[in-house]
Amino acid sequence: MKPLPTSSKVVIIGGGIIGCSTAYHLAKLGVDCVLLERQKLTSGTTFHAAGLVGQLRSNANITQLLGYSVELYNSIEAETGLGTGWKMNGGLRLACNAERWNEVKRQATTARSFGLQMDLLSPKEAQDLWPLMQVDDLVGAAFMPTDGQANPADITQALAKGARMAGAQIYEDCKVTDIEIEAGVIKAVLTDQGRIDCGQVVLCAGQWSRDFAARFGVNVPLVSMEHQYMVTEPIAGMPKDLPTLRDPDRLTYYKEEVGGLVMGGYEANPIPWAVNGIPKGFHYTLLDSNFEHFEPLMELALGRVPALQTAGIKTLTNGPESFTPDGNFIIGEAPELRNFFVGAGFNAFGIAAGGGAGMALAEWVAKGEPPFDLWAADIRRFGRPHFDTDWVRSRTYEAYGKHYTMAWPHEEHASGRPCRKSPLYEVLKGQGACFGEKLGWERPNWFAGKGETPQDAYSYQRQNWFDAVGREHKAAREAAVIFDQSSFAKFNLKGPDALAALNWICANNIDKPVGALTYTQMLNVRGGIECDLTIARVGRDEFYIVTGTGFATRDFDWILRNIPKGMNCQLFDITSSNAVLSLMGPRARDILGNVTRADISNAGFPFGTSQTIGIAGCPVLALRITYVGELGWELHLPVEYATTVYAALMAAGVEHGLTNAGYRAIESLRLEKGYRAWGSDIGPDHTAHEAGLGWALNLKGNTAFLGREAAQQQALTGVKKMMAGFTCAPDTVLLGRETIYRNGARVGWLSSGGFGYTIDKSIGYGYIRNQNGVTTDYIMDATYELEVATKRIPCTVHMTPLYDAKMQRTKS
């Protein structure tokens, strides 16, 4: 074997499909890269993958990434001359009951929203495509003609050859032993064959990634699970062009292979593997077949494919695969270590994702950002609970078991709970709270009234909490409510250069007096919205930053990495120090005035300001702001005071109708007001001008800020997509991803969907797209429909808030 190079710009660790795809794309970008594999290419988990390639996911960009894989697999054989086993034979998905059929119809609409063809079929039409199955129990099926299947080892070898052809160097039988890091900077990769100087590392080591990354302080939340599939001997009459088949109600999947069938599935009781660590020397190795564990899946499969009763079994493959707590893969630059990138945890769809994930990783490494927003798979979506492997395994066990169960709207996980609790958890539980969970935090979603059970009952129709949330919504609009929002992520930025740093990172003006409260975005160089948060100036050189629960890791990382070099300021995560009680509603001032001596009149405490006030012996940082469109304050206070302050507020609110409310009411209230939600309505692919947030940009002065050039240019040239609101009949359930039609033409999809109890209508928000430009007049001068579960529903478009508290008060 040729000797290792002494240096390379990038070193990729791991020679499975993800590593080889990353090398291929880096080389295509002209980046000097070396791939190191401790044994042989594909010898980890790639060699035993089943090889199904499906594209549709609930996220548009993940769907786009998988679609790129299909494009690449269509061409890589011709480019390299190596066979890949790739067949675009299409994919079938079955539905055996009314709720599953509803889910499938919504998936078909999602596919249309994202520009994919998905045809709905009758049972007979499905059987014509897949004649080996019986269809007595079928309600219907969906067919995606551009799905397919590949030979995992062959397609990986083709990518490796393409990488070499483009200049990448690949070394097998070369074990990485360490990474040399000095003062947080990657200097070199050490191997059993020598040292390679490098500045960037890409870890694509599959199920070995968590333990390896942990050595360098990087958290990769994945664990190994056993996954089995059966390969039969040839079956008489097997069509060569048989589509792949997914039968979720029977928990199974199928593909044709050499005249026989591959059949596997996702059982509700998976078997965790390597709980105490992966055995040394584990490569090109399978686990013992577990026929007893596989038997329930086999019984379900026999009911669908009777030919399996007489087919000979060639093998029952049992290969461990890496899975994650939320079923999405892990990609991106680690927040704990600059220039350390991860691509791992592919939940048994690594072949489907391989082409696109390698492309995205390569772009991220080469250009400093992904080709499009990949928040759904971003390594920064994780937080504190994910450092504990037992917690990760518990949640991943549940996620694996749900792989083929119904993907209900608003579904919550049950495992690993409760984990992080507000000081008010037990109090609110005793008052009927039904909790949801985010980043380990228990958060009240809604409160059960008399005769109601605080437990979600899932459905694609209105769910059992609908009326309860309506009561909370009404109270917020007419009296007052209190939300426990202690899970908010909270940071302090301190130091003589804190203001200068924030004025560079933030798109709004932060240079305001102490006590000012600023709503702002943080932009990337393209003007895309990386963060959406509020900042209180609590001292000359100190700022209190509040952002969403799920964005704690990501936003902290964005701020930290964009503080200009040489500036003297320090960022601290103080999330766990403070509880947050949000008092909202037209009677909020009356209630707050009964528990504090502070002047909380509009003149004494204007909107967009913060003050420290006293309540029941507690110093409370009160922020006058709202996400529900009503008068109110966020009350931030040390956790040890939370129950005392809560009790004082509730006692003072009795005469004013104060009640508890949860996060589902917040969602309904914010939809009526038109407030944007990061991660759905806004994100790195959306600009402030496109999202209707141009008013929050500091473009009037000469202050330089990150993304200003792009924002200023767009203000001059206009936009090609713009967010609008939509309302339709109250019996239509909007969930997001419904297709938007303008004058009969598809122009986008809903990013958010829900219900407005005050206006008694279903509400959605989404971007209207037009390559020739979009203006408010263009949007308003048209008629619109929304496609919901394949049916077109008339709707009304809106460019102003659906509800305004001041106008309502004037009318009444």
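Our subject is the structure listed above.
So, here's what we can say about the structure. Values in this document were obtained by computation on a predicted structure and should not be read as measured data. (Residues numbered from 1 in each chain as written. Predicted model: local features only at pLDDT ≥ 70, side-chain atom pairs only at ≥ 80, totals over all residues. Heavy atoms only, no water.)

**Comments concerning the overall build of the protein**
Here is step 1 of the chain: Counting its secondary structure elements, the protein contains 20 helices and 39 strands.
Here is step 2 of the chain: Burial statistics for the protein: of 812 residues in total, 60% are counted as buried.
Here is step 3 of the chain: For the protein, the exposed surface amounts to about 30,500 Å²; the carbon and sulfur share of it is 51%.
Here is step 4 of the chain: One way to put it: in the protein the 77 positive side-chain charges average out to a point 4 Å from where the 85 negative ones average out. (Helix = DSSP H or I, 4+ residues; strand = E, 2+ residues; numbered from the N terminus. Buried < 20%, exposed > 50% of the residue type's maximum accessible area, 1.4 Å probe, protein only. Areas by Shrake-Rupley, 256 points an atom, 1.4 Å probe, with all protein chains shown as cover. Lys, Arg positive; Asp, Glu negative; His and termini not counted. Charge placed at Lys NZ, Arg CZ, Asp CG, Glu CD.)

**Some thoughts on unusual backbone geometry**
Here is step 1 of the chain: A cis amide bond links arginine 417 with the next residue in sequence, proline 418, at an omega value of -10 degrees.
Here is step 2 of the chain: Within the element layout of this structure, proline 418 appears in the loop between helix H9 (389-401) and helix H10 (425-430).
Here is step 3 of the chain: You will see that leucine 251, though not glycine, has its phi angle at about 65 degrees, which is positive.
Here is step 4 of the chain: Tracing the backbone through its elements, the reader meets leucine 251 in the loop between strand E14 (244-247) and strand E15 (252-257).
Here is step 5 of the chain: Positive phi, normally seen in glycine, also occurs at valine 258, with a value near 50 degrees.
Here is step 6 of the chain: Within the fold, valine 258 resides in the loop between E15 and strand E16 (260-265).
Here is step 7 of the chain: You can call valine 258 exposed: its relative accessible area is 61%.

**Remarks on the pattern of salt bridges**
Here is step 1 of the chain: In total, this model carries 43 salt bridges according to the counting rule given.
Here is step 2 of the chain: Between arginine 380 and aspartate 378 there is a salt bridge, and its shortest N-O distance comes to 2.8 Å. Of the two residues, arginine 380 and aspartate 378, neither departs from the other in class, the shared state being buried.
Here is step 3 of the chain: Put simply, arginine 670 and aspartate 681 hold a salt bridge, and the shortest N to O gap is 2.7 Å. Of the two residues, arginine 670 sits in helix H16 (residues 663-673) while aspartate 681 sits in the loop between H16 and helix H17 (688-691), which places them 11 residues apart along the sequence.
Here is step 4 of the chain: For aspartate 681, a relative accessible area of 0% corresponds to the buried category.
Here is step 5 of the chain: Members of the salt-bridge network, linked through shared partners, are Glu333, Asp378, Arg380, Asp557 and Arg561. (Salt bridge = Lys/Arg side-chain N within 4 Å of Asp/Glu carboxyl O.)

**Considering helix H5 (residues 152-165)**
Here is step 1 of the chain: A rise of 1.5 Å per residue sets the reference length of H5, with its 14 residues, at 20 Å; its end C-alpha atoms lie 20 Å apart and thus fit the reference within 8%.
Here is step 2 of the chain: Along H5, the positions that sit buried rather than exposed are Pro152, Ile155, Thr156, Ala158, Leu159, Ala160, Gly162 and Ala163.
Here is step 3 of the chain: Considering only its buried residues, H5 is in contact with helix H1 (17-28), helix H2 (60-80), strand E8 (169-171) and helix H8 (350-367).
Here is step 4 of the chain: At the N-terminal boundary of H5, the capping side chain belongs to asparagine 151, with an oxygen 3.1 Å from the backbone nitrogen of alanine 153. (Expected span 1.5 Å × (residues − 1). Contact = heavy atoms within 4.5 Å. Polar contact = N/O pair within 3.5 Å; in protein donor to acceptor, adjacent residues only side chain to side chain.)

**Considering the sheet that holds strand E24 (residues 489-494)**
Hydrogen bonds along the backbone pair up the strands of a sheet, which may run parallel or antiparallel.
Here is step 1 of the chain: Read across the open sheet, the 5 strands follow the order E25-E26-E27-E24-E28; overall the sheet is antiparallel. Both outer strands of the open sheet, strand E25 (517-523) and strand E28 (570-573), are each paired with one neighbouring strand and no more. With direction set aside, neighbouring strand axes in the sheet form an average angle of 30 degrees. (Pairing = 2+ DSSP bridges. Axes fitted to C-alpha atoms, helices over the stretch in contact; angles between N-to-C directions.)

**Quick look at the nonpolar core**
Here is step 1 of the chain: Of all hydrophobic cores here, the largest spans 51 residues; its most connected members are Phe329 and Ile331.
Here is step 2 of the chain: Mapped by element, the contributors of at least two residues to this core are strand E1 (10-13), H1, strand E2 (33-36), H2, H5 and H8.
Here is step 3 of the chain: Ranked by the residues each element gives to this core, the list is headed by H8, at 10 residues.
Here is step 4 of the chain: Every residue in contact with phenylalanine 329, bar those within four places of it in the chain, is listed here: Ile62, Leu65, Ala344, Gly345, Phe346, Asn347, Phe349, Ala353, Ala377 and Arg381.
Here is step 5 of the chain: With 42 residues, the next largest nonpolar core counts Leu138, Tyr229, Val262 and Val392 among its residues. (Core = buried A, V, L, I, M, F, W, Y, C linked by side-chain atoms within 4.5 Å.)

**A look at the packing of aromatic side chains**
Here is step 1 of the chain: A full pass over the atoms with the stated rule returns 26 aromatic pairs.
Here is step 2 of the chain: Aromatic side chains tryptophan 375 and phenylalanine 551 sit 5.9 Å apart centroid to centroid with 65 degrees between the ring planes, which places their arrangement in the edge-to-face category. Pair noted here: tryptophan 375 is in the loop between H8 and H9 and phenylalanine 551 is in the loop between strand E27 (542-547) and helix H13 (552-562), with a separation of 176 residues, a long-range link. The pair tryptophan 375 / phenylalanine 551 is uniform in exposure class, with both members buried.
Here is step 3 of the chain: Three or more aromatic residues link up through ring pairs in this structure, and these residues are Tyr253, Tyr266, Phe323, Tyr400 and Tyr404.
Here is step 4 of the chain: Over the aromatic face of tyrosine 663 sits the side chain of arginine 443, whose NZ or CZ is 3.7 Å from the ring centroid.
Here is step 5 of the chain: The ring centre of tyrosine 741 lies 3.6 Å from the NZ or CZ of arginine 792, which sits over that ring. (Phe/Tyr/Trp six-rings, centres within 6.5 Å; stacked < 30°, edge-to-face > 60°. Lys NZ or Arg CZ within 6 Å of the ring centre and 35° of its normal.)

**Digging into the pairing of strand E22 (residues 441-447)**
Here is step 1 of the chain: Across the 7 residues that make up E22, a large majority, 7, are buried.
Here is step 2 of the chain: Note: strand E21 (residues 433-438) against E22, 6 bridges, orientation antiparallel. Note on E22: the bridge partner recorded for cysteine 434 is tryptophan 446.
Here is step 3 of the chain: In this antiparallel pair of consecutive strands, E21 and E22, the connection spans 2 residues, and leucine 439 shows a positive phi of 50 degrees.

**Topic: the state of the cysteines**
Here is step 1 of the chain: For the structure shown, the criterion picks out 0 disulfides.
Here is step 2 of the chain: The thiol sulfur of cysteine 728 is not disulfide-bonded, and the nearest other cysteine sulfur, from cysteine 795, lies at 6.6 Å. (Disulfide = S-S within 2.5 Å.)

**A closer look at the packing of helix H11 (residues 466-478) against H16**
Here is step 1 of the chain: Packing of H11 against H16 leaves a shortest axis separation of 9 Å and a crossing angle of 55 degrees. When the axes of H11 and H16 are compared, the pair comes out oblique. Every pair of crossing elements has a handedness; the one defined by H11 and H16 is right-handed. Contacts between H11 and H16 involve Val469, Glu472, His473, Ala476 and Arg477 from the first element and Arg664, Ala665, Ser668, Leu669 and Glu672 from the second.
Here is step 2 of the chain: Partitioned by chemical class, the residues of the contact of H11 with H16 number 4 nonpolar, 2 polar and 4 charged. (Parallel < 35°, antiparallel > 145°, perpendicular 65-115°, else oblique. Left-handed = near helix turned anticlockwise from the far one by under 90°. Nonpolar A, V, L, I, M, F, W, Y, C, P; charged D, E, K, R; others polar.)

**Points about the packing of H1 against H2**
Here is step 1 of the chain: Where H1 meets H2, the closest approach of the two axes is 14 Å, and the angle between their N-to-C directions is 75 degrees. When the interaxial angle is binned, H1 and H2 end up roughly perpendicular. Contact residues: H1 offers Ile17, Tyr24, His25 and Lys28, while H2 offers Tyr68, Leu72, Tyr73, Ile76 and Glu79.

**Focus: the environment of aspartate 119**
Here is step 1 of the chain: As for its placement among the helices and strands, aspartate 119 is situated in strand E5 (residues 119-121).
Here is step 2 of the chain: Sequence separation between aspartate 119 and threonine 310 is 191 residues; the distance between their C-alpha atoms is 32 Å.
Here is step 3 of the chain: The residues contacting aspartate 119, other than those within four sequence positions of it, are Ala141, Ala142, Phe143 and Pro145.
Here is step 4 of the chain: Here glutamine 117 takes part through its side chain, which lies 2.9 Å from a polar atom of the side chain of aspartate 119.

**Things to note about the side chain of glutamine 55**
Here is step 1 of the chain: Looking at where glutamine 55 falls in the secondary structure, it is placed in the loop between strand E3 (52-53) and H2.
Here is step 2 of the chain: Side-chain polar atoms of glutamine 55 contact the side chain of aspartate 147, separated by 2.9 Å.

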